[in-house]
Amino acid sequence: MRQEKITKEKVLMTGNEAMARGAIEAGCSFYAGYPITPQNEIPAYMAIQMPASGGVFIQAESEIAAINMVFGAAAAGTRAMTSSSSPGVSLMQEGISYIAGAALPAVILNVMRGGPGLGNIAPSQSDYFQATRSGGHGDYRCIVLAPGSVQEAYDIMPIAFDLADKYRNPVMVLSDGMLGQMMEPIQITKSPRHQPARYKKPWALTGCRNRKPNVVKSFYIAEGELERWNLELQKKYQAIEKNEQRLESMFSHEAETIIVSYGTMARIAKSLVMKLRSRGKKIGLIRPITLWPFPKKGFNSLKRNQKILVVEMSYGQMLEDVRMAVGDKFKVGFLGRSGGGIPKETEIVRALERL
Amino acid sequence: MERTISRTFSLKNVRTHYCPGCGHGIAHRLVAEVVDELNIRDRVIGIAPVGCAVIAYDYWNFDCAEAAHGRALAVATAIKRVRPENIVFTYQGDGDLAAIGTNETIHAANRGENLTVLFINNAIYGMTGGQMAPTTLIGQKTATTPEGRDNHQGYPLKISEMLGILPAVKYVERTAVYSPQQIMQTKQAIKQAFINQLENKGFSLVEILSPCPTYWGMSAQEAMEWIRDVMSKEYPLGKIK
Ligand SMILES: Cc1ncc(C[n+]2csc(CCOP(=O)(O)OP(=O)(O)O)c2C)c(N)n1
Ligand code: SF4
Ligand SMILES: [Mg+2]
């Protein structure tokens, strides 16, 4: 096999910039978005780098326009992306449903902030239900990825675009204001590591030269037609659930207590786990990386006497998926804060003691 | 017998779902004829709206996308930007283009997107059962203006005139389909709007006054006369820009 030439350099950047850069390196050639804090670094980066790499940048008139532009660019066969934060992502839900219904590949970044309503601009994880339960109308699912560091925010972008193309499905990357704004040195991979051309798109709208016309649509009005199409989608979702569960697991087999957290919250939990272990506590961590499909397989081999504490920056959303994964065999505790509150180490320690 | 007229290649040989006397069928055919006359069938991409014309792609024999209600111009903007060599047009009703999609319409026009827009103004929401449209005339009875539209429900929206004042808009014309002459004029305007795109001139829109006999409560004949005698007084025909 031909050895790929890989040059590596370390660069200091924010999580937002890391996702933007990762997207362009993954072959994303279309970006449309509308300003909203805390993700404004992404359109600012794209405004410069997208044209510089031969792609298209559009500041849309709203998130509704932005997601429908992504629909168009994806329908035309390009790797397309938008980014926003919670209120803007709410506005995009109809468009995401159309993307799912038309089986188009697209990537949506949600740098979550506090809600409901205008809420605030503090980091939050309270859009978990919206992201994992099909926030728009209809029986569909987004693949949802949750990076836990700036490095992973960068590394996960080619995975997001590959999954979108592979399954012809919207992929949401769920970050938050803390991860988006945080600066870390990251390892940049400069190589042809992403090959958008690997996924052929014979369904794309390119003009019908030498072939039959293509139609990109989600309307199925004839008797039984929509049910047949929805069953096709269900088959796809089953394949995704089977093949694409991702998680990070630390000491979960030998630990007496396991913290389950994702994203920024997992980062905080991870350092606490290391601290407590150095003091001899038998504690571990499960960090879901795919929120949908939820990585149930990470919970299969747990033993009955192990205890679980779910910690989130919301009032118990992922908690429901953990409960479904373990059934009623396990005692599952919960600690959550939202609206700008982030569970502190001392609070987590107290919650562990209460288990 | 000599054949004097035949179906143009870009129009499929299928049964219509439109009501008798509906203007959508005429407009579909004109689009198909223009596409064939300009010889652009293999690079044209049409965007169907949500409205009675949602399945326009069942009639047109070329690549098409179906946009969410009102979002055709956002979808078209992106397709044209990533594939400038293609010829991209939207086909939208008055509810789609001038109510729920007003924002997308104004901003695509204001950016001067190099697109062709065909705007079917039938002064009503056909697909959902004949409710008031932004273009409904004062006094016109609809399902949601049972006493006739009055000023409190707004005035007939002159979106074409509004778009005409934007510097990036290249061409706006209002036509109708109530007579053979007007149909030929409509075709001429559609052709111009496509030629403008071929010549990279920018945003071009043709507003077509089109009958909806079903929800106007008229015969096909009466509907055509109503466009001629009433509707085109409120919406004067001709080149706006
Ligand atoms: C978000 C959303 N709101 C409402 C509808 C319902 N709806 C479908 S078509 C339509 C209006 C159609 O009127 P128009 O655009 O004038 O097209 P026509 O049928 O008259 O050609 C509406 C309100 C929808 N499909 N989506
Ligand atoms: S309801 Fe009106 S616009 Fe719709 S198909 Fe019938 S006549 Fe045409
Ligand atoms: Mg209408």
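For every chain, the first residue of the written sequence is number 1, and numbering continues from 1 along that sequence. For this description, chains carry letters from A and ligands carry numbers from 1, given in the order in which they are written. Side-chain atom pairs in this predicted model are given and counted only at pLDDT of 80 or more, local residue features only at pLDDT of at least 70, and totals for whole chains, interfaces and linings cover all residues. Note: side-chain values were computed over all heavy atoms of the structure, leaving out hydrogens and water.

**A short note on the overall build of chain A**
Every helix listed is a DSSP run of H or I at least four residues long, and every strand listed is a run of E at least two residues long, numbered separately from the N terminus. For chain A, the helix and strand inventory stands at 12 helices and 15 strands. Compactness check: chain A gives a C-alpha radius of gyration of 21 Å against a globular reference of 20 Å for 355 residues, within 12% of the reference. Its C-alpha atoms put chain A at 70 × 50 × 50 Å along the principal axes. Throughout, a contact is declared for two residues whenever any of their heavy atoms are within 4.5 Å. Looking at chain A alone, contacts between residues at least 24 apart form 78% of all its contacts between residues at least 6 apart. Counting every atom, chain A has about 14600 Å² of accessible surface; 53% of that belongs to carbon and sulfur. Neither His nor the chain ends contribute to the count of charged residues, in which Lys and Arg are positive and Asp and Glu negative. In plain terms, the charge of a residue is placed at NZ if it is Lys, CZ if Arg, CG if Asp and CD if Glu. Distance between charge centres in chain A, computed from 45 positive and 32 negative side chains, equals 5 Å. The reference for a compact globule is 2.2 Å times residues^0.38; the radius of gyration itself is calculated from the C-alpha atoms. Surface exposure here means Shrake-Rupley accessible area, sampled with a 1.4 Å probe, where a residue is shielded only by the protein chains that are shown.

**Here's the deal with the sheet that holds strand S15 (residues 332-336) of chain A**
Residue and element names in this part refer to chain A. Here, any two strands with at least 2 DSSP bridges between them count as paired. Spatially, 5 strands are ordered S10-S12-S11-S14-S15 in an open sheet, and the strand pairing comes out mixed. Among the strands making up the open sheet, the edge pair consists of strand S10 (247-250) and S15. Strand-to-strand, the axes of this sheet are offset by a mean angle of 20°, without reference to chain direction. For strand S11 (residues 257-260) and strand S14 (residues 307-312), the ladder comprises 4 bridges, and the chain directions are parallel. If you follow Val260 over to S14, its bridge partner there is Val310. Axes here refer to lines fitted to C-alpha atoms; in helices the fit is confined to the stretch in contact. Angles between the N-to-C directions go from 0 to 180 degrees. On the sheet, helix H10 (residues 263-278) packs against S10, S11, strand S12 (283-288) and S14 and is oriented at approximately 165° with respect to S12.

**A few points about helix H8 (residues 220-234) of chain B**
Residue and element names in this part refer to chain B. In this scheme, a helix's expected span is set at 1.5 Å multiplied by one less than its residue total. In a regular helix each residue adds 1.5 Å, so 15 residues correspond to 21 Å; H8 covers 20 Å between its end C-alpha atoms and thus fits that length. At every residue, the bend is computed as the angle between two fitted axes, covering the seven residues ending there and the seven beginning there respectively. The largest bend in H8 comes to about 45°, at Ile227. Residues Ala223, Met224, Trp226, Ile227, Met231 and Ser232 constitute the buried set of H8. Relative accessibility decides the category of a residue: with a 1.4 Å probe and only protein chains considered, values under 20% of the type maximum give buried, values over 50% give exposed, and everything between is partly exposed.

**So, the site of ligand 2**
Residue and element names in this part refer to chain B. The environment of ligand 2 is made up of Tyr18, Cys19, Cys22, His24, Cys52, Asn122, Cys212, Pro213, Thr214 and Tyr215. By residue number, the principal contributor to the shell around ligand 2 is helix H7 (residues 213-216), which donates 3 residues. Looking at side-chain class alone, the shell around ligand 2 contains 7 nonpolar, 3 polar and no charged residues. Near residues are defined by distance, with any heavy atom within 4 Å of the molecule or strand qualifying the residue. When residues are grouped by polarity, Ala, Val, Leu, Ile, Met, Phe, Trp, Tyr, Cys and Pro land in nonpolar, Asp, Glu, Lys and Arg in charged, and all others, Gly among them, in polar.

**Points about the side chain of Ser86(A)**
Residues and elements named next belong to chain A. Note that Ser86 resides in helix H4 (residues 86-91). What qualifies as a polar contact is a pair of N or O atoms within 3.5 Å, subject to a donor-acceptor requirement within protein and to the restriction that residues adjacent in sequence count only when both atoms come from side chains. At a separation of 2.5 Å, a polar atom in the side chain of Ser86 contacts the side chain of Asp127. With near-sequence residues (within four places) excluded, Ser86 lies in contact with Asn110, Val111, Met112, Arg113 and Asp127.

**A closer look at the site of ligand 1**
Taken together, 17 residues form the shell around ligand 1, and within it His24(B), Cys52(B), Asp94(B), Asp96(B) and Gly126(B) come nearest. Near ligand 1, the surrounding residues belong to chains A and B. Between an oxygen atom of ligand 1 and a main-chain N or O atom of Cys52(B), the distance comes to 2.8 Å. One nitrogen or oxygen atom from the side chain of Asn122(B) is found 3.1 Å from an oxygen atom belonging to ligand 1. Here the shell around ligand 1 takes 4 residues from helix H3 (residues 94-100) of chain B, the largest share from any one element. Per-class residue counts for the shell around ligand 1 are 6 nonpolar, 8 polar and 3 charged.

**A look at the domain arrangement of chain A**
It is common to give the size of an interface as the accessible area lost on bringing the parts into contact. All names here are of chain A. Each assigned domain of chain A is listed with its residue range as follows: domain 1 (7-243) and domain 2 (248-354). Note that the domain bounds were set by an automatic or database domain assignment. Just the C-alpha atoms count here: the centres of domain 1 and domain 2 sit 27 Å apart. On the domain 2 side, the residues contacting the 32 residues of domain 1 number 27 residues. The term salt bridge refers to a pairing of a side-chain nitrogen on Lys or Arg with a carboxyl oxygen on Asp or Glu at a separation within 4 Å. Inspection of the domain 1/domain 2 interface yields 4 salt bridges.

**Thoughts on the sheet that holds strand S13 (residues 290-292) of chain A**
All names here are of chain A. In space, the 7 strands of this open sheet follow the order S3-S2-S4-S5-S7-S6-S13, with mixed pairing throughout. Each of the sheet's edge strands pairs with one partner strand only, and the pair in question is strand S3 (56-59) and S13. For this sheet, the mean angle separating the axes of adjacent strands, direction not counted, is 20°. In the sheet, strand S2 (residues 30-33) pairs with S3 via 4 bridges, with the strands oriented parallel. Among the inter-strand pairings, Gly33 is bridged to a residue of S3, identified as Gln59. Packing against the sheet, helix H2 (residues 41-52) makes contact with S2, S3, strand S4 (80-84) and strand S5 (106-112), and its axis sits at approximately 145° to S3.

**Things to note about the interface of chain A and chain B**
Contacts between the two partners involve 32 residues from chain A and, on the opposite side, 33 residues from chain B. Roughly 2600 Å² is buried in total at the junction of chain A and chain B, and carbon and sulfur atoms are behind 61% of that figure. When the area that chain A buries against chain B is broken down by residue, the three leading residues are Glu61(A), Leu205(A) and Phe219(A), summing to 20%. Taken together, the connections running from chain A to chain B amount to 3 salt bridges. Here the quantity called buried area is the accessible surface, traced with a 1.4 Å probe, that two parts lose on coming together, added over both.

**Concerning the packing of aromatic side chains**
Classification of ring pairs uses Phe, Tyr and Trp, with its six-membered ring standing for Trp, and accepts pairs whose centres are within 6.5 Å; under 30 degrees between planes counts as stacked, over 60 as edge-to-face, and the remaining range as tilted. Applying the stated criterion across every chain, the model contains 12 aromatic pairs over all chains. For the pair Tyr31(A) and Phe57(A), a centre-to-centre distance of 5.9 Å together with 5° between the ring planes defines the contact as stacked. Highlighted residues: Tyr31(A) in strand S2 and Phe57(A) in strand S3, separated in sequence by 26 residues. Measuring from ring centre to ring centre gives 5.4 Å for Phe89(B) and Phe194(B), while their planes differ by 70°; the resulting arrangement is edge-to-face. One end of the pair, Phe89(B), is in strand S3 (residues 87-93); the other, Phe194(B), is in helix H6 (residues 180-198), and 105 residues separate them in sequence.

**Notes on unusual backbone geometry**
All names here are of chain A. Here the residue pair Thr37 and Pro38 is connected by a cis peptide bond, since its omega of 5° sits within 30 degrees of zero. You can see Pro38 is positioned in the loop between S2 and H2. The step from Trp292 to Pro293 runs through a cis peptide bond, and the omega angle for that step is 0°. In this fold, Pro293 is placed in the loop between S13 and S14. Phi at Ser134 is positive, roughly 60°, even though this residue is not glycine. Its location among the elements puts Ser134 in the loop between helix H6 (128-132) and strand S6 (143-145).

**Description of the coordination of the magnesium ion (ligand 3)**
Residues and elements named next belong to chain B. Binding of the magnesium ion (ligand 3) to the protein goes through Asp94 (OD), Asn122 (OD1) and Ile124 (O), at separations of 2.1 to 2.5 Å. Distances decide who is a donor: an N, O or S atom must be within 2.8 Å of the metal, or within 3.2 Å for Na, K and Ca. Water is not included, so sites may look incomplete. Written as a sequence motif, the donor arrangement for the magnesium ion (ligand 3) is D-x27-N-x1-I. Grouping residues by exposure puts Asn122 and Ile124 together as buried.

**Points about the layout of surface pockets**
One way to see where empty space is left: roll a probe the size of a water molecule over the atoms. Residue and element names in this part refer to chain A. The calculated volume of the largest pocket comes to roughly 390 Å³. Put plainly, a pocket is an open set of points on a 1 Å grid over the protein atoms alone with protein on both sides within 12 Å along at least five of seven lines, a cavity is a set where a 1.4 Å probe fits but cannot get out, and a lining residue has an atom within 4 Å of a point. As for the largest pocket, its lining consists of 20 residues, of which Ser97, Gly101, His137, Ser218 and Leu226 are closest to the centre. Looking at the lining of the largest pocket, the elements that each hand over two or more residues are helix H5 (93-101) and helix H9 (225-243). The residue inventory of the lining of the largest pocket, partitioned by class, reads 12 nonpolar, 6 polar and 2 charged. Grid points are joined across faces, edges and corners, and a volume is the space filled by probe spheres set on the points. Space inside the second largest pocket adds up to approximately 290 Å³. Lining the second largest pocket are 13 residues, and of these Thr257, Lys281, Ile283, Leu352 and Glu353 sit closest to its centre. In terms of residue count, helix H12 (residues 345-354) provides more of the lining of the second largest pocket than any other element does, 3 residues in total. For the lining of the second largest pocket, the class distribution of residues is 5 nonpolar, 2 polar and 6 charged.

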